[in-house]
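Examination of the molecular architecture
Read off the chains here:
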Amino acid sequence: MTEFQTLKYSAANMIAEITLDRPPLNLIDDILTHEYLSALDLADADENVRVIILKGEGRGLSGGVDLKFLESFGPTEMKDFLSLFYIKTVERVRALSKPIICAVQGYAREGACTLAFACDMIIASDDADFGYPGVPNLAAPPGMHVWHLQKLIGRMKAAELILTGDPMPAAQADQLGLITRMVPREDLYSETRALATKLTKLSPVGLKSARELMYRVEDMAFKQVPPTALDAMAVAFASEDSREARKAYIEKRAPVWKGR
């Protein structure tokens, strides 16, 4: 296990786990942000890792950015930190070569929501809720959340969450498609591991190419999508894993992935 100050990292059975561990609330500062980026690099570079799980130690994922850490910041320092946390972190997650799943129990606030919604999928416990108290607590907009939320649930619901700061319970988040699914608290870890394990049995090439295509076409005009999708499919179709998938299907056996 690699040692960090603010998080735990482990990798086994083709799954890397990154656990935020800065008690009592796993608050986010520059150290945690840099360590999270380092942990992502570690998992992405490990050929034995096929799926990444992000979770939080204790009662919640994270209470968000540490306000005491921000207390002495002026506009320049604030912009520098937010460029690191919002821009670099989200860009790094989107550039991963393997899927990442977030497990959320209890609370996820502000920056914690950024970490969660940047992931490919979210499994949330039935006691979880998601909140953006930036306007009531900071008298300021909640950064990148204004983009994430509108993309995920539309402007009207996003406006309610952003402007009031009221948290959204997991059941409502599930209904709106803000998360992948809600599970009982006692099943959160096992359900997240089960989903991750299911993905480890799939072709790394297939997962990587599908994930890349999802993000590439996300903001494209429709006319740009067909040639992009066709190119991605043609390249993946020529891979060893794709040939093995087709052969295994015809021969009615489990495929043996090469990862290329």
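Let us look at the structure shown here. Everything numeric here is computed off the predicted structure, so don't read it as measured data. (Residues numbered from 1 in each chain as written. Predicted model: local features only at pLDDT ≥ 70, side-chain atom pairs only at ≥ 80, totals over all residues. Heavy atoms only, no water.)

We now examine the environment of Phe 130. In this structure, Phe 130 sits in strand β7 (residues 129–131). Under the relative-accessibility criterion, Phe 130 is labelled buried at 0%. (Helix = DSSP H or I, 4+ residues; strand = E, 2+ residues; numbered from the N terminus. Buried < 20%, exposed > 50% of the residue type's maximum accessible area, 1.4 Å probe, protein only.)

Under the defined criterion, the tally for this structure stands at 20 salt bridges. For the salt bridge of Asp 129 with Arg 109, the shortest nitrogen-to-oxygen distance reads 2.8 Å. Residue Asp 129 is located in strand β7, and its partner Arg 109 is located in strand β5 (residues 107–109); the two are separated by 20 residues in the primary sequence. Across the pair, Arg 109 and Asp 129 agree in class, each one buried. The network of salt bridges with common partners includes Lys 8, Asp 21 and Glu 57. (Salt bridge = Lys/Arg side-chain N within 4 Å of Asp/Glu carboxyl O.)

Bringing the packing of helix α6 (residues 145–153) against helix α7 (residues 155–164) into the picture now. The N-to-C vectors of α6 and α7 enclose an angle of 140°; their axes lie 7 Å apart at closest approach. Accordingly, the angle class assigned to the pair α6 and α7 is oblique. Viewed along their axes, α6 and α7 form a crossing whose handedness is right-handed. The residues of α7 that touch α6, namely those facing His 145, Val 146, Leu 149, Gln 150 and Ile 153, are Arg 155, Lys 157, Ala 158, Leu 161 and Ile 162. The class makeup of the residues in the contact of α6 with α7 is 6 nonpolar, 2 polar and 2 charged. (Axes fitted to C-alpha atoms, helices over the stretch in contact; angles between N-to-C directions. Parallel < 35°, antiparallel > 145°, perpendicular 65-115°, else oblique. Left-handed = near helix turned anticlockwise from the far one by under 90°. Contact = heavy atoms within 4.5 Å. Nonpolar A, V, L, I, M, F, W, Y, C, P; charged D, E, K, R; others polar.)

Here we come to the packing of aromatic side chains. Between two aromatic rings, the relevant description is the distance of the centres plus the angle of the planes. Per the stated rule, a full pass over the model turns up 5 aromatic pairs. Here Phe 69 and Phe 73 contribute two aromatic rings whose centre-to-centre distance is 5.0 Å and whose plane-to-plane angle is 70°, an arrangement assigned as edge-to-face. Owing to a relative accessible area of 25%, Phe 73 belongs among the partly exposed residues under this scheme. Relative to Phe 81, the ring of Phe 69 lies with its centre 5.1 Å away and its plane at 75°, an arrangement referred to as edge-to-face. Here Phe 81 lies in helix α3 (residues 75–94) and Phe 69 lies in helix α2 (residues 67–70), a separation of 12 residues in the sequence. With relative accessibility at 4%, the residue Phe 81 sits in the buried group. (Phe/Tyr/Trp six-rings, centres within 6.5 Å; stacked < 30°, edge-to-face > 60°.)

Okay, the packing of helix α10 (residues 204–217) against helix α11 (residues 225–237) next. For the pair α10 and α11, the least separation of the axes is 11 Å and the interaxial angle reads 170°. Classed by the angle they form, the pair α10 and α11 counts as roughly antiparallel. As α10 packs across α11, the resulting crossing turns out to be right-handed. Along the contact surface, α10 presents Ser 209, Leu 213, Arg 216 and Val 217, while α11 presents Val 225, Thr 228, Ala 229, Ala 232 and Ala 236. When grouped by side-chain class, the residues that make up the contact of α10 with α11 number 6 nonpolar, 2 polar and 1 charged.

Honestly, it's all geometry; don't read function into it.
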